[in-house]
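Coordinates in review
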Amino acid sequence: MLFQLALVTVLLLAVEIALRLWGYQPGDMRPNWLNFKTVDSLYVVHDFYSDTDGILIADSAYWAQQGIHVNEGGFRSPDFGKADSTKKKVMFIGDSFTWGFSANPIPNHCFTDLLRNETNYDVINLGIPAADPPQYLALAQKYIPRLKPDFVFVMFFMGNDLMQEDRKVTPGVPYFFLTNAGAIFADIDGKHFETAQQAYNYIVSDRYYLHHPKNIIEWLVSKSALLSRLYSVRFRIREKLDFEQAIKDSHITKKYLEAIKAVAAQNHTRLKFVLIPEIKEADMAPDKYRERYKDILEAPQLAQSWLMVKSSAACFNKYPDGHLNNKGHRVYADFLEQYLKSADSQ
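This text gives an overview of the structure that appears in the document. (Residues numbered from 1 in each chain as written. Predicted model: local features only at pLDDT ≥ 70, side-chain atom pairs only at ≥ 80, totals over all residues. Heavy atoms only, no water.)

**Some thoughts on the packing of helix H6 (residues 133-147) against helix H11 (residues 251-266)**
Short version of the rule: Angles shown run from 0 to 180 degrees and are taken between the N-to-C directions of axes, each axis being a line fitted to C-alpha atoms and, for helices, limited to the stretch in contact. Helix and strand assignments come from DSSP, with helices taken as H or I runs of at least 4 residues and strands as E runs of at least 2, each series counted from the N terminus. Roughly parallel covers angles under 35 degrees, roughly antiparallel covers those over 145, roughly perpendicular covers 65 to 115, and oblique covers all other angles. By the convention used here, residues are in contact when the closest approach between their heavy atoms is within 4.5 Å. Residues are grouped as follows: Ala, Val, Leu, Ile, Met, Phe, Trp, Tyr, Cys and Pro are nonpolar; Asp, Glu, Lys and Arg are charged; every other residue, Gly included, is polar.
It is at 9 Å that the axes of H6 and H11 come closest, and there the two elements cross at 10°. Between H6 and H11, the angle falls in the class roughly parallel. Residue-level contacts link Pro133, Pro134, Tyr136, Leu137, Ala140, Gln141 and Ile144 of H6 to Thr253, Tyr256, Ala259, Ile260, Val263 and Ala264 of H11. In terms of residue class, the contact of H6 with H11 is built from 11 nonpolar, 2 polar and no charged.

Structure (structure tokens):
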């Protein structure tokens, strides 16, 4: 009996040490997919900001230092004023996938750049990291009437574009902060934070870290990385249930996608929503995927507007990145090129 107890104790200590070596500390209850860390001194990276229309755009001065061109509108795209009038225009609206995060290097291997370099289309890239359906609609309302594209593809990432809470597009007010701790949203759990420091403090004190235990159980949990991981399961279950509810009732998201479709129709522009799955569901059979997300994929006004690309987990970088890798960008570029050729021939 004493031997068994000693063995269990040694195993638990080994797991505790291993978790700490892997970066988990006592009181740390972050989900594995969250790209966030605590820092001694927080600072904001001024790479994106909300303009006078409330649209999140890139800071051209910052990105010039990284060797990346940002046009006059604040997008990683050729200057709007230099468009080739002899070419058909293809507009992309999306988030970090469309911007090209994790394409290596970005200027050449993102699916938008591959299409631009390998076809005769004038490709307009309005992708911005952390963008969401409200931003997609704001971009459609501003740039579809102005630039008159022939095709618009809205790249929809099922991982976070399926909205659980609504938000307003507010001029000059950022809806996320990129910091040395990671990307932090200004709205968390129904609370709005005016500064990155306020949002950071909430995450560290109340959201994902147990620094202020309220009872003896939480005090014990806060002293062990292993207990913290076990205790965090209750929060992962709650997050899972909230996401499942958003899957069953996607009325917030559908409101924005239907409005985007209306803008395209008013401007006689062909529109498709291109689905990007999470890596964990990238190998799911299309029929099973459609059944799981039928509330949005089979919605009467949207069902004929979706394009599903045959991808796989091998097309994505592992978490906490989770973006398309170069293989994935190639797959999406080839699919979209074939779709455009087919659409042009009709």
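**Regarding H6**
This is how it is decided: Helix span is expected to be 1.5 Å times the residue number reduced by one. The angle between axes fitted to the seven-residue stretch ending at a residue and the seven-residue stretch beginning at it gives the bend at that residue. Only protein chains enter the accessibility calculation, which uses a 1.4 Å probe; a residue whose area is less than 20% of its type maximum is buried, one above 50% is exposed, and one in between is partly exposed.
With 15 residues, H6 extends 20 Å between its outermost C-alpha atoms, agreeing within 8% with the 21 Å of an ideal straight helix rising 1.5 Å per residue. Ala140 marks the point of greatest bend in H6, at about 30°. In terms of burial, H6 is largely enclosed, as 11 of its 15 residues are buried. Pro133, Pro134, Gln135, Tyr136, Leu137, Ala138, Leu139, Ala140, Tyr143, Ile144 and Leu147 are the residues of H6 that are buried. Elements that come into contact with the buried residues of H6 comprise strand S2 (56-58), strand S3 (89-93), strand S4 (122-125), strand S5 (151-157) and H11. In the segment just after H6, Lys148 is the residue with positive phi, at about 50°.

**Notes on a nonpolar patch on the surface**
As a reminder, the rule being used: Each patch groups residues whose relative accessible area exceeds 30% and which form no salt bridge, using 9 Å between like charges and 5 Å between nonpolar side chains of Val, Leu, Ile, Met, Phe, Trp and Tyr. Accessible areas in this description were obtained via Shrake-Rupley with a 1.4 Å probe; residue shielding takes into account the shown protein chains only. The working definition used for a salt bridge is a side-chain nitrogen of Lys or Arg within 4 Å of a carboxyl oxygen of Asp or Glu.
A cluster of nonpolar side chains, contributed by Ile216, Ile217, Trp219, Leu220, Leu227 and Leu230, occupies part of the molecular surface with about 610 Å² of accessible area. Among the elements that line the nonpolar patch, the one with the most residues is helix H8 (residues 216-221), at 4 residues. For Leu220, a relative accessible area of 43% corresponds to the partly exposed category.

**Concerning the side chain of Glu16**
Here Glu16 shows up in helix H1 (residues 2-21). Glu16 gets classed as buried once you look at its relative accessible area, which sits at 12%. Filtering out sequence-adjacent residues up to four positions away, Glu16 remains in contact with Lys223, Ser224, Ala225 and Leu226.

**Concerning the sheet that holds strand S11 (residues 306-308)**
Keep this limit in mind: In this description, strands pair whenever DSSP reports at least two bridges between them.
One open sheet holds the 5 strands; their spatial order is S4-S3-S5-S10-S11, and the pairing between them is parallel. At either end of the open sheet lies a strand with only one pairing partner, and these are S4 and S11. Strand-to-strand twist across the sheet, computed as the mean angle between neighbouring axes with direction ignored, equals 25°. Packing of helix H5 (residues 111-118) onto the sheet brings it into contact with S3, S4 and S5, and relative to S4 it is tilted by some 160°. Together, S3, S4 and S5 form the strand contacts of H6, whose direction differs from that of S3 by roughly 160°.

Geometric descriptors of this kind do not, in isolation, establish any biological role.
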